[in-house]
Amino acid sequence: MAAGGDGAAKPLQTAMKLAAGAIELDTGNRPWEAYVEYLKSISYISQALLEEAAAAKGGSDAVTPDTPKMLKLAEQCLERAKSSAAVLGNVKPAAHERGPSPAPISRHRRVFSDEGGKLSPFLPPEIFQKLQITKAQGTKKELTPLEEASLQNQKLRAAYEARVARLNPSQAVQKTSLTLSLQRQMMENLVIAKAREETLQRKMEERRLRLQEAANRRFSSSIALTPEEQEQRALYAAILEYEQDHEWPRLWKAKLKKNPTDLALVSGLISHLLSFPEHPIAQLLKTLQHVIYSRLYPIVSQNLADLSTASRTSRGFSSLSLDAEGLLTPAPGGRRLRSSQSLYCMASVQENKVNLRHSLSTTPLSEDLGTESSPQDEAPARLADRESSFEDLERFLAAPESWPTGPPAEPLAPAEKKASLREQLKAIVKDIHNSVDRLLSLTLLAFEGLNTASSKDQCLARIEEAFFSPLWAPLLAVYRRVYQAREVALSRSMERHRNMPPSELGVSANLFPQGSKGHAAGSYPYSTAVQELGLILLESCPQRKLECIVRALRVICECAEEYCAAHESRPQPASAAIGADDLLPILSYVVLKSNLPQLVAECAALEEFIHEGYLIGEEGYCLTSLQSALAYVEALHRGAMVK
Amino acid sequence: MAAAAGSGAGGGGRSFSFKVVLLGEGCVGKTSLVLRYCENKFNDKHITTLQASFLTKKLNIGGKRVNLAIWDTAGQERFHALGPIYYRDSNGAILVYDITDEDSFQKVKNWVKELRKMLGNEICLCIVGNKIDLEKERHVSVQEAETYAESVGAKHYHTSAKQNKGIEELFLDLCKRMIETAQVDERARGNGASQSGTARRGVQIIDDEPQAQSSGGCCSSG
């Protein structure tokens, strides 16, 4: 990281840019383009690395500090390319397959929409589940005695047929005897198998009862059983049963007992556990994921459907803001809050001390659509060379519910719909929390050795990682929908002020390099922090995303120190003790440069899923700072906060 | 998840986690103040990589372990509106002014108003007159500052980051007050509905080592 922002960081930067473009396409419902862009990123990275390696000629500098990052990026691009490919490859055949059956119309409409090729990046829940299952398969399965017997009989039969084929037609007697002996053997096999199966079944039943009793004893403290407790009891019994048949849980328990403080062991256990699809915990994970996905899917697909109709009728948001203004002005004042006031709004909630932590995400804001800036101002901005992300955003926000095609008959309807979306999201978030809690408590129940504070944290982190990985994308899509207005305002600010120098954002002069000396074209101060922040999009687990934010802020501090030392032209470290007075302006600059308006939604989601223990720690501080910087940049285009 | 909070009242090996926000105008010296405090005594651990923006400190006060998370905030006017998301869930606030700068004291008064409005009386306020090494250039009278502090239920402290005066006392006192508040809060909650909803976030009273009673004693000096 020593090379602050000079030429050395360039390939990574370009690669990041490519990947970011691909992600933008991906989230923007363009899997084919995204797929191509991912492949381009990968190709670019390997080309760049190849050149570097060739230049180094086997020397030690073949691997630069950026190399692991580049490789990681390539890996992540490959992952995403795979899922894009899955989207491209899977949705169509599935739809054909279901062709004659009375499949839900909505899917047909979407898949075969006249938008042509614009497939949803999100698979229908049924296919989501199928993928879950196929991923789960491929592990050996134990056969029941009857299955085993029939397998053996098949072998016998095959052997018999082979022998008969070898016999001459004249050896009829031998053939008959062979046939008879085969029938006898097969019968015997079956009888034996049946008997074995019966005893086994009896034993299993006995064991199940015994385990159920054990589970009951375990839970005996509570008298009245809620359905959840009953369910947990059943699951626990299932786990005990599983453990009777499998060796590994016992081995892991022993290992845990031996090294109770080894957190790597905890991670290992969880990934091991989840790699056995027939383990009750892994099964519960799949079921809960599917439940959440089925709830998210209708919302995101509805939005996408809205989008496709909207993009045909609307063009960009200059018309949008016109309509919105016409629509919103007559609305009763109390209903409409400007997004700039979101903080005050939040504050008033705090005053009531309702649910302090969730204030930001649960406050019923009804967003305005930029009514403060006049539409005439918007028009030239639209003509400016736009980046694809901006176009996407434009389409994304041009949904009919925020701008009606007909005369504004019911001015309150959009607000109501928005509120219901918010409610839905809130309920889903609650379900996610409950799901993760259930998985965690079941895991702790199954492996008592995990029940220490640090192991529990580690365990939770691993469970979340597994849980969120297929769900983050659709979840974020819903968040983006809810925080649309703020995202629009932010993207506007980013467009308009993208060349604003750090000094105008309040960064003090000694904390960024003056002039352009030593800086290649296209490079700018704190670019490494911008890159670090951009990596957030590639992660799909809240904890990992928070780590990205923390890293970005740390890089800011490192860079600031470096710049400061360069100014004073004496290599004395720690001369710039960066406090919030310095950090926030720099972070605002980094946010502006990142050109990632979806950070608003990412942060809102992260605020919901950050662990309680991290809330007041470094992660919480970094998240809060990022949210502040976002709010500040968002307000920039109103000019209210620049001083 | 918040299960650990309400249970096991009493007993020694308790640990508290407190969030403290640091407020003050640009050049009142809040950065040096907090750096001084966190570098000073327990020098075993390097200060966090976020430098003076976010600092942590572990203390042991009468057998109670305290984890302090000190959140610096931006003092510039342009970031004023962003304050609330920094101070939510704070247990304490340190408001710093420069005794040679009347203006910075006025700013403190504004913040006090805002904090009381947002967080009520649950937050422990400390008003700190920094730079007492520059006594000769004092522009804020001791009398005025202390009277004001008392009138808003805050405590007043005199410090010098430069000479390292009064800082240790300030934080120790604040921690004691926060423990007090947390215990009162906890007792009140204990009497009320047993486990209704999530406990107020921020006051995390963690019973660490719930099973390891055998290890006895709580005298693990930090």
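Residues numbered from 1 in each chain as written. Chains lettered and ligands numbered in written order. Predicted model: local features only at pLDDT ≥ 70, side-chain atom pairs only at ≥ 80, totals over all residues. Heavy atoms only, no water.

Trainee: In this structure, what is going on with the overall build of chain A? I would like to understand it.
Mentor: Scanning chain A for helices and strands turns up 25 helices and 0 strands. Every one of the 643 residues in chain A was classed for burial, and the buried ones make up 49%. Within chain A, counting contacts between residues at least 6 apart in sequence, those at least 24 apart form 79% of the total. Summing over all exposed atoms, chain A offers an accessible surface of approximately 30400 Å²; the carbon and sulfur share of this is 57%. (Helix = DSSP H or I, 4+ residues; strand = E, 2+ residues; numbered from the N terminus. Buried < 20%, exposed > 50% of the residue type's maximum accessible area, 1.4 Å probe, protein only. Contact = heavy atoms within 4.5 Å. Areas by Shrake-Rupley, 256 points an atom, 1.4 Å probe, with all protein chains shown as cover.)

Trainee: I'm lost on the overall build of chain B in this one. Help?
Mentor: Secondary structure assignment for chain B yields 6 helices and 7 strands. Across chain B, helices and strands are ordered from the amino to the carboxyl terminus as α-β-α-β-β-α-β-α-β-α-β-α-β. Per-residue burial for chain B yields a buried fraction of 51% across its 222 residues. Here the analysis covers contacts within chain B between residues at least 6 apart in sequence; of these, 74% occur between residues at least 24 apart.

Trainee: Mind showing me how you'd approach the pairing of strand β6 (residues 155–158) of chain B here?
Mentor: Remark: a regular strand shows side chains that alternate across the two faces of the sheet. All names here are of chain B. As defined by bridge partners, strand β5 (residues 124–130) adjoins β6 across 4 bridges and the pair is classed as parallel. Counterpart to Gly129 in the pairing with β6 is His158. Assessed by its sense of winding, the connection that carries the chain from β5 through helix α5 (residues 142–151) to β6 is right-handed. (Pairing = 2+ DSSP bridges. Right-handed = clockwise from strand over helix to strand, strands pointing away.)

Trainee: Looking at this structure, I do not really get the packing of helix α1 (residues 10–27) of chain A against helix α2 (residues 31–56) of chain A. What am I missing?
Mentor: For any two helices packed against each other, the geometry comes down to the angle between their axes and how far apart the axes lie. All names here are of chain A. Closest axis-to-axis distance for the α1/α2 pair is 8 Å, and the angle between their directions is 170 degrees. Taken together, the axis directions place α1 and α2 in an arrangement best described as roughly antiparallel. On the side of α1, the interface is formed by Pro11, Thr14, Ala15, Leu18, Ala19, Ala22, Ile23, Leu25 and Asp26, while α2 contributes Glu33, Ala34, Glu37, Tyr38, Lys40, Ser41, Tyr44, Ile45, Ala48 and Glu52. (Axes fitted to C-alpha atoms, helices over the stretch in contact; angles between N-to-C directions. Parallel < 35°, antiparallel > 145°, perpendicular 65-115°, else oblique.)

Trainee: Looking at this structure, how should I read helix α8 (residues 227–245) of chain A?
Mentor: Given 3.6 residues per helical turn, the α-helix brings residues three or four places apart onto the same face. Here α8 of chain A contains 19 residues, and its C-alpha end-to-end distance of 27 Å stays within 8% of the 27 Å for a straight helix at 1.5 Å per residue. Turning to α8 of chain A, its buried residues number three or more, namely Arg233, Leu235, Tyr236, Ala237, Ile239, Leu240, Glu241, Tyr242 and Glu243 of chain A. (Expected span 1.5 Å × (residues − 1).)

Trainee: Would you mind showing me how to read the pattern of salt bridges here?
Mentor: When the charged atoms of two side chains lie near each other, side chains of opposite charge can form a pair. Applying the stated criterion across every chain, the model contains 28 salt bridges over all chains. Salt-bridge contacts for Glu25 of chain B lead to Lys107 of chain B; the nearest nitrogen and oxygen are separated by 3.4 Å. Of this pair, Glu25 of chain B sits in the loop between β1 (15–24) and α2 (30–40) while Lys107 of chain B sits in helix α4 (residues 102–119), placing them 82 residues apart in sequence. By relative accessible area, Glu25 of chain B is classed as buried at 17%. Linked by salt bridges that have partners in common, Lys69, Glu532 and Arg551 of chain A make up one network. (Salt bridge = Lys/Arg side-chain N within 4 Å of Asp/Glu carboxyl O.)

Trainee: I would appreciate a short explanation of unusual backbone geometry in the present structure.
Mentor: In this structure, Asn595 of chain A is a non-glycine residue whose phi angle is positive, near 55 degrees. With respect to the element layout, Asn595 of chain A can be found in the loop between α23 (580–594) and α24 (599–609). Judged by relative accessible area, which is 22%, Asn595 of chain A ranks as partly exposed. The backbone of Asp89 of chain B shows a phi angle near 65 degrees, a positive value even though the residue is not glycine. Looking at the element boundaries, Asp89 of chain B is found in the loop between α3 (83–87) and β4 (92–98).

Trainee: Can you walk me through the packing of aromatic side chains in this structure?
Mentor: Where two aromatic rings form a pair, the distance of their centres and the angle of their planes describe that pair. All chains considered together, the criterion is met by 20 aromatic pairs over all chains. For the pair Phe468 of chain A and Trp472 of chain A, a centre-to-centre distance of 5.8 Å together with 65 degrees between the ring planes defines the contact as edge-to-face. The burial state of Phe468 of chain A is the same as that of Trp472 of chain A; both residues are buried. Between Phe16 of chain B and Phe18 of chain B the ring centres are 5.7 Å apart and the planes differ by 20 degrees, which places this aromatic pair in the stacked class. Phe18 of chain B gets classed as buried once you look at its relative accessible area, which sits at 0%. Grouping aromatic residues by their ring pairs yields a cluster made of Phe467, Phe468, Trp472 and Phe609 of chain A. Positioned over the ring face of Phe447 of chain A is Lys253 of chain A, at 5.7 Å from the centre of the ring. (Phe/Tyr/Trp six-rings, centres within 6.5 Å; stacked < 30°, edge-to-face > 60°. Lys NZ or Arg CZ within 6 Å of the ring centre and 35° of its normal.)

Trainee: How should the confidence of the model for chain A be read in this particular structure?
Mentor: Do not read the predicted coordinates in detail wherever pLDDT is low. Residues and elements named next belong to chain A. Across chain A, the average pLDDT comes to 73, with 69% of residues at 70 or higher. Here helix α12 (residues 316–328) stands out as the least confident element of chain A, with mean pLDDT 34; α24 is the most confident, with 95. Here residues 311–412 is modelled with pLDDT under 50, and outside its nearest four sequence neighbours on either side it reaches 171 contacts, counting other chains as well. (pLDDT = per-residue confidence, 0-100.)

Trainee: Mind showing me how you'd approach the environment of Lys10 of chain A here?
Mentor: You can see Lys10 of chain A is positioned in helix α1. Distance from Lys10 of chain A to Ser527 of chain A, taken between C-alpha atoms, is 9.9 Å for residues 517 residues apart in sequence.

Trainee: Sorry if this is basic, but what is going on with the confidence of the model for chain B here?
Mentor: All names here are of chain B. Confidence along chain B averages 79 in pLDDT terms, with 76% of residues attaining 70 or more. Considering only residues more than four positions removed or in separate chains, one finds that residues 41–46, a stretch of pLDDT under 50, has 5 contacts. Below pLDDT 50 for its whole length, residues 193–204 participates in 23 contacts with residues either more than four positions away or in separate chains. Interface confidence in the predicted complex, given as ipTM, is 0.83; pTM for the same model is 0.66.

Trainee: Please explain α2 of chain A as it appears in this structure.
Mentor: Residue and element names in this part refer to chain A. Between its first and last C-alpha, α2 extends 37 Å over 26 residues, near the 38 Å set by a 1.5 Å rise per residue. Of all the positions in α2, only Pro31, Ala34, Glu37, Tyr38, Ser41, Ile42, Ile45, Ala48, Leu49 and Ala56 are classed as buried. Once α2 finishes, Lys57 follows within two positions and takes phi at roughly 50 degrees, a positive value.

Trainee: Help me understand the nonpolar core, please; the structure alone is not making it clear to me.
Mentor: What tends to happen in soluble globular proteins is that the nonpolar side chains get buried as a cluster. Core analysis: the largest hydrophobic core is formed by 170 residues, its most contacted members being Tyr479 and Tyr526 of chain A together with Ile127 of chain B. Element by element, the count of residues in this core is highest for helix α22 (residues 542–568) of chain A, at 13 residues. Three or more residues apiece are contributed to this core by two domains, here domain 1 (12–55 + 66–87) and domain 3 (494–512 + 525–568 + 577–640) of chain A. Look past the residues within four positions of Tyr526 of chain A in its chain and what remains in contact with it is Leu511, Phe512, Ile556, Cys559, Ala560, Tyr563, Ile586, Tyr589 and Val590 of chain A. Core analysis: the next-biggest nonpolar cluster, separate from the first, contains 32 residues, Phe16, Phe18, Tyr157 and Ala161 of chain B among them. (Core = buried A, V, L, I, M, F, W, Y, C linked by side-chain atoms within 4.5 Å. Domains from an automatic or database assignment.)

Trainee: I keep staring at the pairing of β1 of chain B and nothing clicks. Help me out?
Mentor: Residue and element names in this part refer to chain B. Taken across its 10 residues, β1 has 10 buried, putting it largely inside the fold. Where β1 and strand β3 (residues 64–72) come together, 8 bridges link them in parallel fashion. Pairing of Phe18 across the sheet is with Leu68, part of β3. As paired strands, β1 and β4 are joined by 5 bridges and run parallel to one another. Along β4, the bridge assignment pairs Gly24 with Val96.

Trainee: What's the story with the environment of Lys162 of chain B in this structure? I'm lost.
Mentor: All names here are of chain B. Along the chain, the position of Lys162 falls in the loop between β6 and α6 (167–191). Note: C-alpha distance between Lys162 and Lys131 (31 residues apart in sequence) is 7.3 Å. With sequence-adjacent residues up to four places away left out, Lys162 is seen in contact with Arg36 and Asp133.

Trainee: How should I be thinking about the packing of helix α10 (residues 263–274) of chain A against helix α18 (residues 453–468) of chain A in this particular structure?
Mentor: Residues and elements named next belong to chain A. In the contact formed by α10 and α18, the axes pass within 9 Å of each other and the chain directions differ by 35 degrees. Considering the relative orientation of α10 and α18, their crossing is right-handed. Facing α10, whose interface residues are Leu263, Val266, Ser267, Ile270 and Leu274, α18 presents Ser454, Ser455, Gln458, Cys459, Arg462, Ile463 and Ala466. Class assignment of the residues belonging to the contact of α10 with α18 gives a composition of 7 nonpolar, 4 polar and 1 charged. (Left-handed = near helix turned anticlockwise from the far one by under 90°. Nonpolar A, V, L, I, M, F, W, Y, C, P; charged D, E, K, R; others polar.)

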